Amino acid sequence: MLSKLQFYLFPFFLVFFFKTNGQTKLEESQIELVSKTKINYFLYYPEEYQKQTNNEFGILLFLHGSGSIPKNDSEKFLAPDLLTNGTKFPFLILVPQHLDANKMWNTYAVKQLLDSVVKTNRIDPKKIYLSGLSRGGVAAWDMVIEYPDTFAALAVVSSMAPTPYAHWMNKKMPIRVYHGENDKVIPVSEAEDMVERLKKMNYNVEFIKYKNRGHDIWDTVYNNLELYSWFNKQKKM
């Protein structure tokens, strides 16, 4: 399913004026910013969703990397192969489309999209999973830092890591970090430093390194169906 969702916000201004000497003036102001964001997305439903109408299901939010962004107007964003080749998953999978090659993910908008999908489907709020690769992995780290109470598990692939803010994440959330040892785009040290920091703070983190592999390990990672079994076992405490 390919869908579009738009978000609207409206402005609100507060301005306070302070008298100062001479010609200078100091203002204390407040503004509620307005943004309009349109997000295209794919939403995968497992077969059981239509059959088990009284049950709630988990959902995986997947954030793609820059290689999936269309390079010109004639190209179209394609759904991940695993969602179109008959592979069966035990939960819903939400795939937003990031279409600007020169910008990072708008994680605030992605969170609004996720909240909307969770609200309008039979989703177990304790089984919301997150994964991202490369630029999408950066966004995934950001989201578990900004929204630590949302996700039940995280898997990050070939990504930079916000190591100084690692302690902001939910300590009960299981984490998997995947990286190629010969990655020339994002050095493996990014993952090594983050994992080391997390382990020192007793986070539940697994580090999977691929020998003689570079940046593009994601097909190997995501084609391994064990990852989805691992996700499906996780439930937020």
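Note that the coordinates shown come from a computational prediction; the quantities given were computed from them, not determined experimentally.

Peer 1: Could you give an account of the confidence of the model for the protein, with specific residues and numbers?
Peer 2: Confidence in the prediction for the protein averages 90 pLDDT; 91% of positions are at 70 or higher. Scored below 50 in pLDDT, residues 9-13 shows 13 contacts in the model against residues more than four places distant or in partner chains.

Peer 1: Residues and numbers for the environment of N202, please.
Peer 2: One can find N202 in the loop between α4 (188-200) and β10 (205-210). Once the C-alpha coordinates of N202 and K171 are considered, the two residues, 31 residues apart in sequence, prove to be 7.9 Å apart.

Peer 1: Can you lay out the pairing of strand β7 (residues 123-133) for me, pointing to particular residues and giving the numbers?
Peer 2: For a regular strand, the rule is simple: side chains alternate between the two faces of the sheet. Counted residue by residue, β7 has nine buried out of 11 residues, so it is predominantly covered. Alignment of strand β5 (residues 57-63) against β7, held across six bridges, turns out to be parallel. Bridging across to β7, L63 finds its partner in G132. Sheet analysis places β7 next to strand β8 (residues 153-157), joined by five bridges and oriented parallel. By the bridge assignment, L133 is partnered in β8 with V157.

Peer 1: Hey, could you go over α4 for me, with residue numbers and the actual values?
Peer 2: If you check α4, its first and last C-alpha atoms are 18 Å apart, about what 13 residues at 1.5 Å a residue would give, namely 18 Å. Listed in full, the buried residues belonging to α4 are V188, A191, M194, V195 and L198. Looking straight down α4, one finds its buried side chains confined to an arc of 130°; they lie on one side. As for α4, its buried residues are in contact with α3 (135-146), β9 (175-180) and β10.

Peer 1: Tell me about the packing of aromatic side chains, and name the residues and values.
Peer 2: Under the criterion given, the structure shown has 10 aromatic pairs. Centroid distance F89 to Y228: 4.8 Å. Interplanar angle 80°. Geometry classified as edge-to-face. Remark: Y228 occurs in helix α6 (residues 226-233) and F89 occurs in the loop between β5 and β6 (92-96); sequence separation between them is 139 residues. On the basis of relative accessible area, Y228 is assigned to the buried category, the value being 6%. One aromatic cluster in this structure is built from F91, Y129, W230 and F231. Across from the ring centre of Y147, 5.0 Å away, lies the NZ or CZ of K111, which sits over that ring. In this arrangement the basic side chain of R122 is found over the ring face of Y49, its NZ or CZ atom lying 4.0 Å from the centre.

The rules behind these values
- Residues numbered from 1 in each chain as written.
- Predicted model: local features only at pLDDT ≥ 70, side-chain atom pairs only at ≥ 80, totals over all residues.
- Heavy atoms only, no water.
- pLDDT = per-residue confidence, 0-100.
- Contact = heavy atoms within 4.5 Å.
- Helix = DSSP H or I, 4+ residues; strand = E, 2+ residues; numbered from the N terminus.
- Buried < 20%, exposed > 50% of the residue type's maximum accessible area, 1.4 Å probe, protein only.
- Pairing = 2+ DSSP bridges.
- Expected span 1.5 Å × (residues − 1).
- Arc of directions from axis to C-beta.
- Phe/Tyr/Trp six-rings, centres within 6.5 Å; stacked < 30°, edge-to-face > 60°.
- Lys NZ or Arg CZ within 6 Å of the ring centre and 35° of its normal.

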